[in-house]
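Read off the chains here:
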Amino acid sequence: MKRFPWGALRQSIVAVLLVLTLFVSGCMRQEQPDAEDFSAFVWELFEQSVTSDTITFHYTLKEPERMGITMDEVSWGQVDFSEEALEQEQKEMEETLAELRRYETVDLPSEDRLLYEILEYSLETELSFNQYIDLYEPFAYTSGLQMNLPITLSEYPFYDRQDVEDYLQLLTFLPEYVGAFLDFERQKAEKGYFMSESNAEEVIRQCEEFIADPAHNVLIETFESRIESMEGLSEKEKEELQNRNLRAVLESVGPTYETIIEVFEALKGSGQNELGLAGYERGKEYYQYLLASTVGTDKTPEEVIAVLERALQDTLQELVTLVSANFEEYSAYFQEETLYAASDPEEDIRYLEEVVTDRFPAIPAIEFTVTPVHASLQDSVSPAFYMIPSIDAYQENSIYINEAGGSMGSLWATLAHEGIPGHMYQTVYFLSHNPHPLRSVLTFSGYSEGWATYVEMTSYAYYPFERALYGDLEKINAELNLLVSARIEIGVNYEGWSLEETQAFLTQLGLDASAAQDIMNYVIAEPVNYQMYCLGWLELEELYAKAQEAQGEAFDEVAFHESVLQIGPCPFAILQKYVLPSAERYTSR
């Protein structure tokens, strides 16, 4: 049930806002600003944000010079967890918010007003982050550095020779960059905040696996393929670059991962809490912060629990009703050896592109490649994931398939989630409407993963199952898996559930309680990760129901989806505010 965190290549909102404050704190103005000033203000924020580190710069813009943006120094960005740095960050962020609010009464165009509200929400939310700094985990075992670095680096695009030089420099700077986060882990351990022993063991396993076969490391093999496809390089130049990359991987990357292993082996067992966030001082408050920051919901944890439990009961009732009326087909469903035929992932995505037009708006033609995940990453990454393209090259898309994940046919819903009408579709639609580039560095995973999950649940209706009921049962099964996991997640991290309580919850639902420990390990390592998918999906379902109720028979599903997609990633309260009043945008046409 793990998914690759597709937004991981973008900076965290905290990192972005840190950069924004460097600009704002030095240019507070006293005169009354206007809409033109706001445009200059947010453009400068984008420029400062996107040049804060080389990875963000290179992944966000394919041709930065066409925007008049340059970045001369190769850097991983600033990483400083000292008390002085955190205090300065807090001060500058407060100044940023004050500067932003000077535009509160300015008559802004609608898209600028939306950007204003998103920025305000982000700043207000992140102002509370520093008080929870000891609970922040940079080495979470599906979204942490040790997992994202191999994928980020192996997909670093080479457009010219300078890109290769920048990349090789990044590899040599890696020990210092990761070392700053390891120092932070040592600080956490001194205070009793180091991760649980089982999660530390998983991080160690991932690192050992990544460097187990140095000669065939993903950063060596993918580098060679990227160099081979470059034009303008002689064979001698290619060989020289490959040798430099080999040295950098063996002398910089490998030792960096060995250091992670050494530090985690030394710190393993020093944590004072083997349960969820609720076991820490202010852990429950941090979980609520994560709901607002990562998921983008304004619901309280208690309200989230109520939403999850209601959805769980409704789905169980739907299953009972379906089975009661179709028991023979239900029995046949469990006797089927293979529900999905073997298929080609690219063909499946193209098929979905054709058939979903009855429910979703048209978008520009999408170009994409489907590539197998490297063998060194197969045991750690999800069945499939989508890589976010540059905002000025959104037509170039990549989806990765983990061939160790089982049958290609069983990836049907995952391909809908990652491809069409999921992440790839949503990203291309949004970027094709030319949003302000600052939107690209402000991520809202609840919207993004919520949309992909929302459409994933529709995908079962498009698959040619032997019996139509099978699609209904597959959808219900997917919903139950997600709802149960999300309920355990908030139970463990907010309500403080123990292993016994988690087992009792599963048993009460008639599920296998032996999976309780594995589920707990995951939700402890990745608090609110399931909420990004589950609560994000339920927020969109709730919005759909409200829009449908408001419009009655005049409701137009395609136009509703169009409105959600055009507004784009943002907090759900803002999404609802902009979707619901725009009745004319989704009435029958």
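Residues numbered from 1 in each chain as written. Predicted model: local features only at pLDDT ≥ 70, side-chain atom pairs only at ≥ 80, totals over all residues. Heavy atoms only, no water.

Describing the sheet that holds strand E2 (residues 384–387)
Inference 1: One open sheet accounts for three strands, arranged E1-E3-E2; its pairing is mixed. Each edge of the sheet is formed by a strand with only one pairing partner; in this case those strands are strand E1 (367–372) and E2. Along the sheet, successive strands turn relative to each other by an average axial angle of 20°, direction set aside.
Inference 2: Sheet topology places E1 next to strand E3 (residues 396–401); six bridges connect them, and they run parallel. Paired with Pro372 across the strands is Ile401, a residue of E3.
Inference 3: Strand contacts of helix H14 (residues 345–355): E1 and E3, with the helix running at about 150° to E1, the strand carrying the most contacts. (Pairing = 2+ DSSP bridges. Helix = DSSP H or I, 4+ residues; strand = E, 2+ residues; numbered from the N terminus. Axes fitted to C-alpha atoms, helices over the stretch in contact; angles between N-to-C directions. Contact = heavy atoms within 4.5 Å.)

Details of the side chain of Thr54
Inference 1: Mapped onto the secondary structure, Thr54 falls in helix H3 (residues 54–60).
Inference 2: Relative accessible area serves as the criterion here: at 4%, Thr54 is assigned to the buried category.
Inference 3: Excluding residues that lie within four positions of it along the chain, Thr54 makes contacts with Met71, Glu73, Val74, Ser75, Tyr156 and Leu170. (Buried < 20%, exposed > 50% of the residue type's maximum accessible area, 1.4 Å probe, protein only.)

Description of the nonpolar core
One broad trend across soluble globular proteins is that nonpolar side chains are buried collectively.
Inference 1: Phe264 and Leu575 are the most contacted members of the largest nonpolar core, which totals 189 residues.
Inference 2: Ranked by residues supplied to this core, first place goes to helix H18 (residues 468–493) with 13 residues. (Core = buried A, V, L, I, M, F, W, Y, C linked by side-chain atoms within 4.5 Å.)

Quick notes on the packing of aromatic side chains
Ring pairs (aromatic) are described by centroid distance and by the angle formed between their planes.
Inference 1: Overall, the coordinates contain 47 aromatic pairs when judged by the stated rule.
Inference 2: Relative to Phe184, the ring of Phe81 lies with its centre 4.1 Å away and its plane at 15°, an arrangement referred to as stacked. A residue pair is termed long-range when its members are at least 10 positions apart, and Phe81 in the loop between H3 and helix H4 (83–100) and Phe184 in helix H7 (residues 161–190) qualify at 103 residues.
Inference 3: Residue classification places Phe184 among the buried positions, given a relative accessible area of 2%.
Inference 4: Each residue in the set Trp76, Phe81, Phe129, Tyr132, Tyr136, Tyr177, Phe181, Phe184, Tyr286 and Tyr289 is aromatic and connected to the rest through ring pairs, giving one cluster.
Inference 5: Against the face of Tyr167 rests Arg226, its NZ or CZ located 5.0 Å from the ring centre.
Inference 6: The ring centre of Tyr494 lies 4.8 Å from the NZ or CZ of Lys284, which sits over that ring. (Phe/Tyr/Trp six-rings, centres within 6.5 Å; stacked < 30°, edge-to-face > 60°. Lys NZ or Arg CZ within 6 Å of the ring centre and 35° of its normal.)

A closer look at the pairing of E2
Two faces belong to every sheet, and in a regular strand the side chains alternate between them.
Inference 1: Residues Ala384 and Tyr386 point to one face of E2 and Phe385 and Met387 to the other, with burial holding for every one of them.
Inference 2: Inspection of the sheet shows E2 paired to E3 by four bridges, in the antiparallel sense. When the bridges of E3 are listed, Phe385 appears paired with Tyr400.

Considering a negative patch on the surface
Inference 1: The grouping of Asp80, Glu83, Glu84 and Glu87 at the surface amounts to a negative patch.
Inference 2: With respect to the helices and strands, the residue Asp80 is situated in the loop between H3 and H4.
Inference 3: In this structure Asp80 comes out as partly exposed when scored by relative accessible area, which is 46%. (Patch = residues over 30% accessible without salt bridge, like charges linked within 9 Å, V, L, I, M, F, W, Y side chains within 5 Å. Areas by Shrake-Rupley, 256 points an atom, 1.4 Å probe, with all protein chains shown as cover. Salt bridge = Lys/Arg side-chain N within 4 Å of Asp/Glu carboxyl O. Lys, Arg positive; Asp, Glu negative; His and termini not counted. Charge placed at Lys NZ, Arg CZ, Asp CG, Glu CD.)

Some thoughts on the environment of Ser49
Inference 1: Assignment of secondary structure puts Ser49 in helix H2 (residues 35–50).
Inference 2: The spacing of Ser49 and Gly422 is 373 residues in sequence and 27 Å in space, taken between C-alpha atoms.

Here we look at the packing of helix H5 (residues 110–126) against helix H23 (residues 572–579)
Inference 1: With their axes 10 Å apart at the nearest point, H5 and H23 run at an angle of 155° to one another. The orientation of H5 relative to H23 falls into the category roughly antiparallel. You can see that H5 and H23 cross each other, and the crossing is right-handed. Between H5 and H23, the contacting residues are Ser110, Arg113, Leu114, Glu117, Ile118 and Tyr121 on the first element and Ile574, Lys577 and Tyr578 on the second.
Inference 2: Here the contact of H5 with H23 is built from residues that sort into five nonpolar, one polar and three charged. (Parallel < 35°, antiparallel > 145°, perpendicular 65-115°, else oblique. Left-handed = near helix turned anticlockwise from the far one by under 90°. Nonpolar A, V, L, I, M, F, W, Y, C, P; charged D, E, K, R; others polar.)

Describing the pattern of salt bridges
Inference 1: According to the stated counting rule, one finds 28 salt bridges in the structure shown.
Inference 2: The partner of Glu209 in a salt bridge is Arg205, and the shortest N-O contact between them spans 3.0 Å. Here the residue Glu209 and the residue Arg205 both occupy positions in helix H8 (residues 197–210), the gap between them amounting to four residues, near one helical turn.
Inference 3: The exposure class assigned to Arg205 is partly exposed, which follows from its relative accessible area of 29%.
Inference 4: Residues Glu539 and Lys299 are paired through a salt bridge, measuring 3.2 Å at the closest nitrogen-oxygen approach. With Glu539 in helix H21 (residues 529–551) and Lys299 in the loop between helix H11 (283–295) and helix H12 (301–325), the pair connects residues that are 240 residues apart, well separated along the chain. As far as the burial class goes, Glu539 and Lys299 line up, both buried.

What to know about the packing of H18 against H21
Axis angle and axis distance: for two packed helices, these are the angle between their axes and the distance between the axes, and together they describe the pair.
Inference 1: Two numbers describe how H18 lies on H21: the axes approach to 9 Å, and their chain directions differ by 125°. Our classification of the angle between H18 and H21 gives oblique. As for how H18 packs across H21, the hand of that crossing is left-handed. Every residue of H21 that contacts H18 at Glu479, Leu482, Leu483, Ser485, Ala486, Glu489 and Ile490 is listed here: Asn529, Tyr530, Gln531, Tyr533, Cys534, Trp537 and Leu538.
Inference 2: When its residues are assigned to classes, the contact of H18 with H21 shows nine nonpolar, three polar and two charged.

So, unusual backbone geometry
Inference 1: Going from Ile420 to Pro421, the amide bond is cis rather than trans, its omega being 10°.
Inference 2: Within the secondary structure layout, Pro421 lies in the loop between helix H15 (412–418) and helix H16 (423–432).
Inference 3: Even without a glycine there, the phi angle at Arg282 is positive, about 65°.
Inference 4: By secondary structure assignment, the location of Arg282 is in the loop between helix H10 (235–267) and H11.
Inference 5: Relative accessible area serves as the criterion here: at 40%, Arg282 is assigned to the partly exposed category.
Inference 6: A positive phi angle, near 70°, is found at Val528, a position not held by glycine.

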